[in-house]
Amino acid sequence: MQFVTLNNGVKMPVLGFGVYQIPPSDTERAVSEALEVGYRHIDTAAVYKNEEAVGKAIAASGIPRDDLFVTTKVWISDAGEDAARAAFERSSEKLGLDVVDLYLIHQPFGDVYGSWRALERLNEEGRVRAIGVSNFPNDRLADLIAFNRVVPAVNQVETHPFLQRFADQEFMAGEGVQIESWAPFAEGRNNLFTNPTLSSIARAHDKSVAQVVLRWLIQRGVVVIPKSVRRDRMEENFDVFDFELADSDMAVVTTLEKGEPLFIDHRDPAAVDMLKGVTVE
Ligand SMILES: NC(=O)C1=CN([C@@H]2O[C@H](COP(=O)(O)OP(=O)(O)OC[C@H]3O[C@@H](n4cnc5c(N)ncnc54)[C@H](OP(=O)(O)O)[C@@H]3O)[C@@H](O)[C@H]2O)C=CC1
Ligand SMILES: O=C(O)C(=O)[C@@H](O)[C@H](O)C(=O)CO
């Protein structure tokens, strides 16, 4: 496994396993299989409603705690200093982990300043090894950085071949923030898995489109957390460290940029309303 070193010295595996949209009833099985395959980095969130199942899989695995990197996130309905603290305690209990490796503000809405104070305190107390954000546009990230003590270690944002975020990555790097991709496969939208450009690179390397996409992101220094409920795909997505894309391959992928989010535009006021309707409990 390769690691990136976050701005506070914590090491984060560049490849993890995401569990969004895995039903709670299937999550323990999926995470157990992912751990068997070799994943040591799991990405969940309170709003995914499967933290308890993630915790069960971790406990059953017998893997030493220090070998694992677990991320969870505080949802919008728990924004604010006291609410975010209480949300962390609930997540910690569900996961069965006193210490979480990375705790993120999930969305840039609500009292994110209050939430950040709670995260800073949790970090100081050693309950979370690193703190960060998700879905923060650059101006909101800059504001959070300018008016707080701890610089977010990570910003987890939609990033894939159709929304590449080179400029955002450069801005974040300048501030000491690690970019992490959510939906590295764009959840298969725009026929990503049969895209002719990606398929041609995949054929040349005797790899799959999924492997090319993950490799392209990792070679750019982007952390990836692909999701799959299928063991064969977990294995495929994990097997990306035995080949390298040439500069010419990297450059060809840049032609696929579509210039806009495929899922949620966090700058659109309608996004706030839609996400406010999503509940944790
Ligand atoms: N912070 C945020 O706001 C967000 C965070 N995330 C995080 O990012 C993670 C990944 O993003 P996610 O939205 O799940 O989407 P992904 O881009 O990881 O795509 C997942 C989809 O691709 C399929 N798939 C996976 N591997 C392969 C493969 N090798 N070949 C063909 N199909 C494949 C899966 O199907 P199947 O399962 O059937 O194999 C599933 O339909 C999430 O699980 C979550 O942890 C996601 C969204 C938002
Ligand atoms: O998946 C996530 O991490 C998200 O933030 C959103 O996709 C959210 O959970 C949602 O449910 C949107 O409908």
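Just so you know, these numbers come straight off a predicted model, no measurement behind them.

What follows covers the pattern of salt bridges. Using the criterion set out here, one finds 20 salt bridges in the structure. In this structure, Arg29 engages Asp26 in a salt bridge whose closest nitrogen and oxygen atoms are separated by 2.8 Å. Of this pair, Arg29 and Asp26 both sit in helix H1 (residues 24-37), three residues apart, roughly one helical turn. Residue Asp26 is classed as partly exposed on the basis of its relative accessible area, which comes to 23%. Here the salt bridges share partners, and the residues they tie into one network are Arg85, Glu89, Glu125 and Arg127.

Sites flagged by UniProt as "binding site: substrate" (unreviewed entry) map to His106. Owing to a relative accessible area of 6%, His106 belongs among the buried residues under this scheme. Beyond its immediate stretch of four places on either side in the chain, His106 contacts Ala45, Val47, Tyr48, Lys73, Val74, Trp75, Ser134 and Asn135.

Around ligand 2, the structure places Tyr20, Val47, Tyr48, Trp75, His106, Gln107, Leu275 and Val278. Between an oxygen atom of ligand 2 and a side-chain N or O atom of His106, the distance comes to 2.6 Å. A per-class count over the shell around ligand 2 returns six nonpolar, two polar and no charged.

Next up on the list: the environment of Phe193. On the secondary structure map, Phe193 appears in the loop between strand E9 (178-182) and helix H7 (196-205). Residues Phe193 and Asn50, 143 residues apart in the sequence, show an inter-C-alpha distance of 27 Å. Excluding its chain neighbours within four sequence positions, the residues that come into contact with Phe193 are Phe185, Gly188, Ser199, Val209 and Ala210.

Let's shift gears to unusual backbone geometry. Even without a glycine there, the phi angle at Gln21 is positive, about 70°. Along the chain, Gln21 falls in the loop between strand E3 (17-18) and H1. Although it is not a glycine, Lys49 adopts a positive phi angle of roughly 60°. Here Lys49 is to be found in the loop between strand E4 (41-43) and helix H2 (51-61). By relative accessible area, which is 41% here, Lys49 ends up partly exposed.

Here the focus is the sheet that holds E9. With parallel pairing, the eight strands of this open sheet are ordered in space as E3-E4-E5-E6-E7-E8-E9-E10. Here the strands that pair on one side only, and so sit at the sheet edges, are E3 and strand E10 (223-224). Pairing analysis gives two bridges linking E3 to E4, with the strands arranged parallel. Within E4, the residue paired with Gly18 across the bridge is Asp43.

Taken N-terminus to C-terminus, the directions of H7 and helix H8 (residues 209-219) make an angle of 95°; their axes are 8 Å apart at the nearest point. Regarding the angle of H7 to H8, the classification is roughly perpendicular. Listed contacts from H8 to Leu198, Ser199, Ile201 and Ala202 of H7 are Val209, Val212 and Val213.

Definitions and cut-offs
- Residues numbered from 1 in each chain as written.
- Chains lettered and ligands numbered in written order.
- Predicted model: local features only at pLDDT ≥ 70, side-chain atom pairs only at ≥ 80, totals over all residues.
- Heavy atoms only, no water.
- Salt bridge = Lys/Arg side-chain N within 4 Å of Asp/Glu carboxyl O.
- Helix = DSSP H or I, 4+ residues; strand = E, 2+ residues; numbered from the N terminus.
- Buried < 20%, exposed > 50% of the residue type's maximum accessible area, 1.4 Å probe, protein only.
- UniProt positions renumbered as here; feature names shortened; annotations may be inferred.
- Contact = heavy atoms within 4.5 Å.
- Near = heavy atom within 4 Å.
- Polar contact = N/O pair within 3.5 Å; in protein donor to acceptor, adjacent residues only side chain to side chain.
- Nonpolar A, V, L, I, M, F, W, Y, C, P; charged D, E, K, R; others polar.
- Pairing = 2+ DSSP bridges.
- Axes fitted to C-alpha atoms, helices over the stretch in contact; angles between N-to-C directions.
- Parallel < 35°, antiparallel > 145°, perpendicular 65-115°, else oblique.

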